[in-house]
Amino acid sequence: MSYIPELRALVGTRPLILPGAAVIVLDSPRHVLLLQRADTGGWGLPGGFMEPGESLEETARREVREEVGLELEELTLLSVFSGQEQRFRYPNGDQVFNVTTVYTAKACDWNFRLDPLEANAVRIFPVDDLPADLIFPEVPIMEHYSRTVIDSR
């Protein structure tokens, strides 16, 4: 059993504060990779929760590899997101307050290998035309990216 299921066995669906990492995988500065999450059906960034003993960078790389099968070039720190806007309730009732470290990176190649337990689909989206069903915690992340990276160019 992994770390989060062990915690859930103890606390049920109560809110957990969980550190994790996500990556804005760039096709170009204005085009980003999103995956349709298998657990919620909504679109989001590849990423997930840290396992004991991992660094945030290791978490980011592992999650992208597991979810979409891509290896990444250099990671660049974008920001850390936390607070009420990072609260999320999964369809099964589990609640989390994400503390998400977000990186940007380019993929070494674009040969996707989706894990069907993690993602239903993967697509490249223009930053100014993201899907309407972008999951709630990703909205402030993408707004921050657009404001600080795209608008500053």
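Preceding this paragraph is the structure being described.
For clarity, every value in this text was computed on a predicted model and none was experimentally measured.

Undergrad: Account for the overall build of the protein chain, naming residues and giving values.
TA: When its secondary structure is counted, the protein chain shows three helices and eight strands. Expressed as lengths along the three principal axes of its C-alpha atoms, the size of the protein chain is roughly 45 × 30 × 30 Å. For the protein chain, the proportion of its 153 residues judged to be buried stands at 44%. Sequence separation of 24 or more characterises 70% of the internal contacts of the protein chain that already satisfy a separation of 6 or more. A total accessible area of about 7,900 Å² is found for the protein chain, and carbon and sulfur atoms account for 52% of it. Averaging the locations of the 14 positively and 24 negatively charged side chains of the protein chain gives two centres separated by 3 Å.

Undergrad: Kindly report on the pattern of salt bridges, identifying the contributing residues and their values.
TA: Inspection of every chain in the model, using the stated rule, returns seven salt bridges. For Arg8, the salt bridge identified is with Asp94, shortest N-O distance 3.4 Å. A residue pair is termed long-range when its members are at least 10 positions apart, and Arg8 in helix 1 (residues 3-11) and Asp94 in the loop between strand 6 (87-89) and strand 7 (95-106) qualify at 86 residues. We note that Arg8, like Asp94, is buried. For Arg62, the salt bridge is made with Glu54, and the minimal N-O distance between the two is 2.5 Å. Classification of Glu54 as buried rests on a relative accessible area of 18%. If you follow the salt bridges from partner to partner, you end up with Glu54, Arg62, Glu63 and Glu66 in one network.

Undergrad: Tell me what's going on with the nonpolar core, and back it up with residues and numbers.
TA: Counting residues in each nonpolar core, the largest one holds 18 residues, and the members touching the most others are Ile24, Val32, Leu34, Leu45, Val102, Met142 and Tyr145. Secondary structure elements with two or more residues in this core: strand 1 (16-28), strand 2 (31-37), strand 5 (76-81) and helix 3 (138-150). Ranked by the residues each element gives to this core, the list is headed by helix 3, at five residues. Each residue touching Val102, except ones within four places of it in the same chain, is listed here: Ala22, Ile24, Thr76, Leu77, Leu78, Ser79, Phe81 and Ile141.

Undergrad: Give me the environment of Ala119: which residues, what numbers.
TA: Residue placement: Ala119 occurs in strand 8 (residues 119-126). For Ala119, a relative accessible area of 3% translates into the label buried. Apart from residues lying up to four places away in sequence, Ala119 is in contact with Leu35, Gln36, Ala38, Glu67 and Leu114.

Undergrad: Before we move on, could you go through helix 2 (residues 56-68) and cite the residues and values that matter?
TA: Counted at 1.5 Å a residue, the expected span for helix 2 with its 13 residues is 18 Å, and the 18 Å between its end C-alpha atoms agrees. The complete set of buried residues in helix 2 reads Thr59, Ala60, Arg62, Glu63, Val64, Glu67 and Val68. Of the residues flanking the end of helix 2, it is Gly69, one or two places downstream, whose phi is positive at about 75 degrees.

Rules used in this analysis
- Residues numbered from 1 in each chain as written.
- Predicted model: local features only at pLDDT ≥ 70, side-chain atom pairs only at ≥ 80, totals over all residues.
- Heavy atoms only, no water.
- Helix = DSSP H or I, 4+ residues; strand = E, 2+ residues; numbered from the N terminus.
- Buried < 20%, exposed > 50% of the residue type's maximum accessible area, 1.4 Å probe, protein only.
- Contact = heavy atoms within 4.5 Å.
- Areas by Shrake-Rupley, 256 points an atom, 1.4 Å probe, with all protein chains shown as cover.
- Lys, Arg positive; Asp, Glu negative; His and termini not counted.
- Charge placed at Lys NZ, Arg CZ, Asp CG, Glu CD.
- Salt bridge = Lys/Arg side-chain N within 4 Å of Asp/Glu carboxyl O.
- Core = buried A, V, L, I, M, F, W, Y, C linked by side-chain atoms within 4.5 Å.
- Expected span 1.5 Å × (residues − 1).

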